[in-house]
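Here is what each chain is made of, one letter per residue.
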Amino acid sequence: MSDTQPQTATAQAGESEIERFARDISRLARELAVETDRGRRLPEELVAALRGSGLLRAGAPLEAAGLELAPASALRCAEEVARGDASAGWCVSIAITSSLLAAYLPSEAREELFGRGRGIAAGVWAPRGTARPVDGGVVVSGRWAFCSGITHADLLFAGCFVDSVGRPSSERPVPSVVALPKDDLEILDTWHTLGLRGTGSHDAVAQEVFVPGARVFSLFDGPVLNRPLYRFPIFGFFALSIAAAALGNARAAIDRLVALAAGKVGLGSSRTLAERAGTQAAVAAADASLSAARALYYATIDAAWRPAQFDEPVPVSLRNDLRLAATHAVQTSAEVARAMYDLTGGSAIYDESPLQRHLRDAHTATAHFQVNEASRELPGRILLGQPADTSTL
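For clarity, every value in this text was computed on a predicted model and none was experimentally measured.

Asker: Go over unusual backbone geometry with me, naming the residues and quoting the values.
Answerer: Even without being glycine, F146 reaches a positive phi, approximately 60°. In this fold, F146 is placed in strand β2 (residues 137–147). Unlike most non-glycine residues, L196 shows phi in positive territory, near 50°.

Asker: Mind laying out the environment of R51, listing which residues take part and the relevant values?
Answerer: With respect to the helices and strands, R51 occurs in helix α4 (residues 44–53). Counting along the chain gives 175 residues from R51 to N226, while the straight-line C-alpha distance between them is 26 Å. Other than its neighbours up to four places away in sequence, R51 contacts L56, I120, H152 and D154. Of note is the side chain of R51, whose polar atom sits 2.9 Å from the backbone oxygen of H152.

Asker: A description of the packing of aromatic side chains should follow, citing residues and the corresponding values.
Answerer: Enumeration according to the criterion identifies eleven aromatic pairs in this entry. Here the aromatic rings of W125 and F235 are separated by 6.0 Å at their centres, their planes lie at 75°, and the arrangement is edge-to-face. Of this pair, W125 sits in strand β1 (residues 121–134) while F235 sits in helix α9 (residues 234–261), placing them 110 residues apart in sequence. With a relative accessible area of 12%, W125 lands in the buried category. In textbook terms, an aromatic cluster arises when at least three aromatic residues are bridged by ring pairs, as seen for W125, F220, F235, F238 and F369.

Asker: I'd like a rundown of the side chain of R251, residues and numbers included.
Answerer: Inspection of the secondary structure puts R251 in helix α9. Among all residues touching R251, those that are not within four sequence positions of it are R83, D287, L290 and S291.

Asker: If you had to explain the pairing of strand β4 (residues 174–181) to someone new, which residues and values would you point to?
Answerer: In the sheet, strand β3 (residues 155–162) pairs with β4 via eight bridges, with the strands oriented antiparallel. Bridging across to β4, C160 finds its partner in S176. Of the strand pairs in this sheet, β4 and strand β7 (residues 216–217) are connected by two bridges, and their pairing is antiparallel. Note on β7: the bridge partner recorded for V177 is F217.

Asker: Give me the lowdown on the environment of S53, citing residues and values where you can.
Answerer: Its place among the elements puts S53 in helix α4. Measuring from C-alpha to C-alpha, the distance between S53 and L67 comes to 9.8 Å, with 14 residues separating the pair along the chain. Leave out the neighbours within four places in its chain, and S53 touches F21, I25 and L67. Among the polar contacts listed, one links the side chain of S53 to the backbone nitrogen of L55, at a separation of 3.1 Å.

Asker: Report on the sheet that holds β1, specifying residues and quantitative values.
Answerer: Within a sheet, adjacent strands bond to each other through the backbone by hydrogen bonds, running parallel or antiparallel. Pairing is mixed in the open sheet, where seven strands are placed in the order β5-β6-β2-β1-β3-β4-β7. Edge strands, defined here as strands with exactly one partner in the open sheet, are β5 (186–188) and β7. Contacting β1 and β3, helix α6 (residues 86–99) crosses the sheet at an angle of about 40° to β1.

Asker: Go over the packing of helix α11 (residues 316–344) against helix α12 (residues 354–365) with me, naming the residues and quoting the values.
Answerer: In helix packing, the relevant descriptors are the interaxial angle and the interaxial distance, both defined with respect to the helix axes. Relative to each other, α11 and α12 sit at 155°, their axes nearing to 9 Å. Our classification of the angle between α11 and α12 gives roughly antiparallel. Two packed elements cross with a definite hand, and for α11 against α12 that hand is left-handed. Residue-level inspection shows V330, S333, A334, A337, R338, M340, Y341 and T344 of α11 in contact with α12, the latter providing L355, Q356, H358, L359, A362, H363 and A365.

Asker: Now, about α4: what can you tell me, with residues and values included?
Answerer: Along an α-helix, a turn takes 3.6 residues, which lines up residues three or four apart on a common side. Taken together, the buried positions of α4 are L46, V47, L50 and S53. The arc that holds the buried residues of α4, viewed along the axis, is 130°, so those residues lie on one side. Seen from the open side of α4, the exposed residues pointing more than 90 degrees away from its buried face are E44, E45 and G52. Buried positions along α4 lie against α2 (15–31) and α6. G54 sits one or two positions beyond α4 and adopts a positive phi of about 85°.

Asker: Which residues make up the nonpolar core, and what values do they have?
Answerer: Ranked by size, the top nonpolar core spans 98 residues in total, and within it L46, L101, F114, F157, Y297, I301 and M340 carry the most contacts. The element contributing the most residues to this core is α9, with 17 residues. Contact partners of F114, with chain neighbours within four places excluded, come to R57, A64, A102, L105, G119, A121, L155 and F157. Within the second largest apolar cluster, 20 residues are counted, among which are A122, V138, V209 and V211.

Asker: Break down the pattern of salt bridges for me, citing the residues and quoting the values.
Answerer: Where side chains of opposite charge bring their charged atoms close, a pairing between them can arise. The tally for this structure, following the rule as stated, stands at 21 salt bridges. Note that E373 is salt-bridged to R376, the shortest N-O span being 3.0 Å. The exposure class assigned to R376 is partly exposed, which follows from its relative accessible area of 29%. What you see here is one network of salt bridges that share partners, running through R20, D24 and R27.

Asker: With reference to specific residues and values, describe the confidence of the model for the protein chain.
Answerer: In the predicted model, the protein chain carries a mean pLDDT of 93, and the fraction of residues at 70 or more is 94%. Considering only residues more than four positions removed or in separate chains, one finds that residues 1–12, a stretch of pLDDT under 50, has 23 contacts.

Conventions we followed
Residues numbered from 1 in each chain as written. Predicted model: local features only at pLDDT ≥ 70, side-chain atom pairs only at ≥ 80, totals over all residues. Heavy atoms only, no water. Helix = DSSP H or I, 4+ residues; strand = E, 2+ residues; numbered from the N terminus. Contact = heavy atoms within 4.5 Å. Polar contact = N/O pair within 3.5 Å; in protein donor to acceptor, adjacent residues only side chain to side chain. Phe/Tyr/Trp six-rings, centres within 6.5 Å; stacked < 30°, edge-to-face > 60°. Buried < 20%, exposed > 50% of the residue type's maximum accessible area, 1.4 Å probe, protein only. Pairing = 2+ DSSP bridges. Axes fitted to C-alpha atoms, helices over the stretch in contact; angles between N-to-C directions. Parallel < 35°, antiparallel > 145°, perpendicular 65-115°, else oblique. Left-handed = near helix turned anticlockwise from the far one by under 90°. Arc of directions from axis to C-beta. Core = buried A, V, L, I, M, F, W, Y, C linked by side-chain atoms within 4.5 Å. Salt bridge = Lys/Arg side-chain N within 4 Å of Asp/Glu carboxyl O. pLDDT = per-residue confidence, 0-100.

If you want it as structure tokens, here you go:
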């Protein structure tokens, strides 16, 4: 591992400037939200703005002209973009998380795929493919679902099991990740969904694709670059990235309801929605719940970021907290979006209603395996002192 610490991303471009980019892009994402939803992908105008900002590569190392943003800064940017449109924020958060894997590649492969500011990555790390060793690398076949952002990505970090010649039949294959250029993949138009339609999370298929050995690695072996961002729990970051999009979407739902309530008068009423006591109480409760979940979310990130400054692994207790905070943020965000939808009344049932889209996006996020109800079982086992495999925390 290299201990070299290059100039920080903050020194290259201040965090305030990067977050300003995120706010500008959030406004654009909001303007294009209907087009994004209908087209089931991010519009080219939005992709161009995201590419230019560097946010889609915010987790890539400085050696590859990435921003190498600290987790809280990167996720705040994704959350802000999601406030404009959840699909856009989701694509940003997934791209940031995927770009972290550039630090797992040896320098020659990293330069080839990410050097000089190139390379937008998507990622499905679940081992849905198989790889057999050949001279110089492996040959990979497989099909990966939920490839968020694949429509604008340049490569896919795909999970697979690598066969090992001579391994006893009782041993499981080795779980690995391979870097596959999108040109080597067939993209299947499978993303017809309730929500998060604009993420373009289609299936990707590889048929007997040769992958050089330098593009094959295991997340469990750790990164090549030994610096704080890459010592931060990678699986925890993945769960947090889902929550960033959910938090931004829920805040947008409150924003929309507040704007609507100022002028909406229901049938048989002389008062606006904002003037009703029930609305006031519901909005106050939603704002408090969301703010509390968000505070917990960033507090746990900060707590895990501190030990990541040193060589020792981030403790299991803090990694567990990250997963709990991510799941809590997503579940709370869905409750908030539902409450704002319910307050809107009959107008929210139409497809053109932003509150309907916020509801659909929120509840689609809750289905993700990293943050669904079942995801609480592992943290619960740890809290109860029960035996638990913590390798994916």
